[in-house]
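# A structural walkthrough
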Amino acid sequence: METGKVVVERIGGKSTVTRCFSKYPLKFIIPTKVGSSQTDVVWIYSLTYGGGVVSGDSISCDLTIGDGCTTVLTTQASTKVYKSLQSKCCEQVLEARIGSGALLAVIPDPVTCFSTAKYSQKQVFRVSADSNLLIVDWITSGRHESGERWDFELYKSTNHIFLEGDQPLFLDAILLEQGSITTIAKRMQDYQVLAMVILLGPKMQHVQNQVQQYVKNLMSEQLHMPSTALRPYGKINADQRLTKPAFIASCSVFGPKGVGVVVRIAAMTTESVYRFLQHQLLSLEPLLGVSPYRSS
């Protein structure tokens, strides 16, 4: 059963919310103006009562973005997933349809799972050949101030994009689960954030080109090992060992003719990912009214 539904259509030449429904524990806030009044965009803030997702919660949201409309779905703070009670998992499902020439930007703050939490989310996007989509999906290791680091029981995030109905364009899932042999924390080592950014469509082309070049340059510098550090047979001097990069990123294309780009990130700090998103998405301000993840 749906706990939220929003329909955005083009009325009088502007992107307009024609239907908005939500019920506990979900709430939508739709400000009348974000950024320049000349920008044609609808911003939707998704909130949960109590500031997080409680064990056993099931939230299902449906979005329809009409032809030529621009919509942003975001949050006011990180999504907190509270401790699991009686081993219950909480889940969120987002189903979105993006019309011809339309743009949907899903740019939430990261998910933060408390100790023992169990959380599963699934996002399904149905696009046209010229739809535009920006998705940011990310998770932090937990409440550092409470000494929690990758201390939750389960985290699963699935993102599916289908073209013109049922043709798979992008299918992805991430699963982090405590194991009997090794913990999530041991597998993640020093990294505190995992993030994924998906860029799809003609309106994202300039960002795709920019981020691919940036990541290529960044990782070439980070992973470059001077030849003087090598001894015969590839051995490395003890005082010249490579340090572990604090920020790792990769880019790959997907879809027909590489229409989409996915960026995957592992970082040691949340702040470094925020900075990356701020810089790489800055050029979207004319489309979205304000720059994503801008510093307040």
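Above: the structure in question.
## What to know about helix H2 (residues 205-222)
Here H2 contains 18 residues, and its C-alpha end-to-end distance of 26 Å stays within 8% of the 26 Å for a straight helix at 1.5 Å per residue. For H2, the full list of buried residues reads Val207, Gln208, Val211, Val215, Leu218 and Met219. The buried residues of H2 all sit within an arc of 110 degrees when viewed along its axis, so they share a single face. When the buried face of H2 is taken as reference, the exposed residues oriented beyond 90 degrees from it are Lys216 and Glu221. Contact partners of the buried residues in H2: strand E16 (193-200), strand E17 (247-254), strand E18 (260-267) and helix H3 (270-280).

## Description of the pairing of strand E12 (residues 118-127)
One ladder, built from 9 bridges, connects strand E9 (residues 90-98) with E12; its direction is parallel. When the bridges of E12 are listed, arginine 97 appears paired with arginine 126. The pairing of E12 with strand E14 (residues 154-163) spans 10 bridges and is classified as parallel. Counted as the bridge partner of lysine 122 is threonine 158 from E14.

## Some points on the environment of valine 290
Examined against the element boundaries, valine 290 turns out to sit in the segment after helix H4 (285-288). With 256 residues separating them along the chain, valine 290 and valine 34 place their C-alpha atoms 7.0 Å apart. Sequence-distant contacts of valine 290, defined by excluding residues within four places in its chain, comprise Val34, Gly35, Trp43 and Glu285.

## Observations regarding the pattern of salt bridges
Applying the stated criterion across every chain, the model contains 7 salt bridges. For the salt bridge of aspartate 166 with arginine 126, the shortest nitrogen-to-oxygen distance reads 3.4 Å. One end of the pair, aspartate 166, is in the loop between E14 and strand E15 (167-177); the other, arginine 126, is in strand E12, with 40 residues separating them in the sequence. Overall, aspartate 166 belongs to the exposed group, its relative accessible area being 63%.

Here is what the cut-offs are and how they apply
- Residues numbered from 1 in each chain as written.
- Predicted model: local features only at pLDDT ≥ 70, side-chain atom pairs only at ≥ 80, totals over all residues.
- Heavy atoms only, no water.
- Helix = DSSP H or I, 4+ residues; strand = E, 2+ residues; numbered from the N terminus.
- Expected span 1.5 Å × (residues − 1).
- Buried < 20%, exposed > 50% of the residue type's maximum accessible area, 1.4 Å probe, protein only.
- Arc of directions from axis to C-beta.
- Contact = heavy atoms within 4.5 Å.
- Pairing = 2+ DSSP bridges.
- Salt bridge = Lys/Arg side-chain N within 4 Å of Asp/Glu carboxyl O.

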